[in-house]
Amino acid sequence: MDWNTVDTLKFEDILYHQAEGIARITINRPEVHNAFRPETVRELIDAFHHAHHDPGVGVIILTGAGGRAFCSGGDQRVRGEEGYRDGGGTQHLNVLDLQRQIRTLPKPVVAMVAGWCIGGGHVLHLVCDLTIAADNARFGQTGPKVGSFDAGYGAGLLARTIGLKKAKEIWFLCRQYDARAALEMGLVNTVVPLEELEEETLQWCRDMLALSPMALRLIKAGFNADIDGLTGIQELAGNATGLFYQTPEGQEGRNAFLEKRPPDFRRFPRRP
Ligand SMILES: CC(C)(COP(=O)(O)OP(=O)(O)OC[C@H]1O[C@@H](n2cnc3c(N)ncnc32)[C@H](O)[C@@H]1OP(=O)(O)O)[C@@H](O)C(=O)NCCC(=O)NCCSC(=O)CCC(=O)c1ccccc1C(=O)O
């Protein structure tokens, strides 16, 4: 695949590439196994925002540079007493904003995982819709070992994904799991040799690009609705409103207002 960059997007900690309707977002800090600092997360949020609003993008890949790590979580070197310090000294837990963004983004997001997928990095793959793992991938949570925990998606979505007992084991014992074990517990969708990781991920993306974007959008919202509470229902309901706007019945209300007349909904059926 010949990836293109986007001239308007300038990043320091991440890379953004695009081709054939696929956006590839790469955390590019291999010297720390792609740990994220607040600036990394801010750039990821901007990149996902761009991919979300680009009508030429149908599927998004999230990955890490270097082949040795997807992401090792928050950068412990900038961890302060309240969060992770940015260059100006303000402390953040802004990866939580990124997690919600990936959940509500109405396009499939695929985690392409090689190497370490640990801590907050593990939660990032978890909130992606699908995970394609290389055979060198290793998964786990370290929170209780390093004085941290993610009791939101990191706990609840993990339990929904692999079951409560296994999710508690992962958090309570802080063990690491290889790709085969991750596949067996339903934590990833497939495992391939490292050298085939990108091609396999692209094939999954191409298969999704051949399908109805609206159907994928709605089924993603449907999968997330109950787990995400009112935010999930809002996403599903927003889609319903968007579809209703496209109907003559929805447009009659707007037209009547603009034409300063009472709306006439009598011609629209009350369906069984
Ligand atoms: C991933 C390891 C197991 C890999 O081990 P190994 O192969 O031996 O490599 P190393 O030599 O350890 O690492 C190479 C190099 O990278 C540096 N590094 C690795 N991880 C980090 C990191 N997270 N931060 C900073 N630096 C890192 C390492 O120091 C080495 O550099 P040198 O210069 O050579 O020393 C192992 O590296 C490891 O265990 N890493 C730490 C994993 C970890 O504990 N991550 C943090 C978990 S907590 C978190 O992610 C917080 C997320 C968050 O923001 C959050 C917010 C709100 C609610 C909840 C959360 C949440 O906790 O998720």
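Residues numbered from 1 in each chain as written. Predicted model: local features only at pLDDT ≥ 70, side-chain atom pairs only at ≥ 80, totals over all residues. Heavy atoms only, no water.

Definition in use: UniProt positions are given in the numbering used here, feature names are shortened, and annotations may be inferred rather than shown by experiment.
An unreviewed UniProt entry lists the protein chain under the name 1,4-dihydroxy-2-naphthoyl-CoA synthase, from Thioalbus denitrificans. Looking at the protein chain in UniProt, the text filed under Cofactor (unreviewed entry) is "hydrogencarbonate".

### With respect to the site of the ligand
So the rule is basically this: Any residue with a heavy atom positioned within 4 Å of a molecule or strand is treated as near that molecule or strand. Pairs of N or O atoms are called polar contacts if they sit within 3.5 Å, as long as, within protein, a hydrogen donor faces a hydrogen acceptor (for residues adjacent in sequence, only side-chain-to-side-chain pairs). Residue-level accessible areas treat just the shown protein chains as cover; the underlying method is Shrake-Rupley with a 1.4 Å probe. The helix count covers DSSP runs of H or I at least four residues long, the strand count covers runs of E at least two residues long, and both are numbered beginning at the N terminus. Classes in brief: Ala, Val, Leu, Ile, Met, Phe, Trp, Tyr, Cys and Pro nonpolar; Asp, Glu, Lys and Arg charged; the others, Gly included, polar.
In the neighbourhood of the ligand, 24 residues make up the surrounding shell, with Ser72, Gly74, Gly120, Thr142 and Ser148 lying closest. Residue Gln76 places a main-chain N or O atom 2.9 Å away from a nitrogen atom belonging to the ligand. Ser148 places a polar side-chain atom, nitrogen or oxygen, 2.5 Å from an oxygen atom of the ligand. Within the complex, 66% of the 1,100 Å² of free accessible area of the ligand lies under protein. Within the residue set of the shell around the ligand, elements represented by two or more residues are α2 (95–104) and β8 (116–118). A per-class count over the shell around the ligand returns 11 nonpolar, 10 polar and 3 charged.

### Looking at the pattern of salt bridges
Applied cut-off: In the sections that follow, a salt bridge refers to a side-chain nitrogen of Lys or Arg positioned within 4 Å of a carboxyl oxygen of Asp or Glu. Buried means the residue's accessible area, taken with a 1.4 Å probe over protein chains only, is under 20% of the maximum for its type, while exposed means over 50%, and partly exposed covers the values in between.
Taken as a whole and judged by the stated rule, the model has 18 salt bridges. Salt-bridge contacts for Arg100 lead to Asp97; the nearest nitrogen and oxygen are separated by 2.6 Å. With Arg100 and Asp97 both in helix α2 and 3 residues apart, this pair spans about one turn of that helix. Overall, the relative accessible area of 42% leaves Arg100 in the partly exposed class. By relative accessible area, which is 37% here, Asp97 ends up partly exposed. Counted as one network, the salt bridges with shared partners bring together Glu12, Asp13, Arg29, Arg37, Asp75 and Arg77.

### A look at the sheet that holds strand β4 (residues 69–71)
In plain terms, the rule: Two strands qualify as a pair provided DSSP detects at least 2 bridges between them. Here, residues are in contact when the closest pair of their heavy atoms is within 4.5 Å. Lines fitted to the C-alpha atoms define the axes, with helices restricted to the stretch that makes contact. Angles between their N-to-C directions range from 0 to 180 degrees.
As summarised here, the arrangement of the 4 strands in space is β4-β8-β10-β11, forming an open sheet in which the pairing is mixed. The open sheet has two edge strands, β4 and β11 (177–178), and neither has a second partner. Alignment of β8 against strand β10 (residues 138–140), held across 3 bridges, turns out to be parallel. Paired with Ile118 across the bridge in β10 is Gly140. Contacts from helix α3 (residues 120–127) reach β4, β8 and β10, with the element oriented near 95° to β8.

### Focus: the domain arrangement of the protein chain
Basically, it comes down to this: Boundaries of every domain are those given by an automatic assignment or by a domain database.
Domain annotation of the protein chain identifies domain 1 (4–211) and domain 2 (214–259). Contacts between domain 1 and domain 2 engage 14 residues on the former and 9 residues on the latter. On inspection of domain 1 and its partner domain 2, the count reaches 3 salt bridges. Arg103 serves as the salt-bridge partner of Asp228, at 3.1 Å between the closest nitrogen and oxygen. Counting across the domain 1 and domain 2 interface gives 8 residue pairs in polar contact (both at pLDDT 80 or more). Looking at the side of domain 1 that touches domain 2, the elements with two or more residues in it are α2 and α5 (153–162). The residue makeup of the side of domain 1 that touches domain 2, split by class, is 9 nonpolar, 1 polar and 4 charged.

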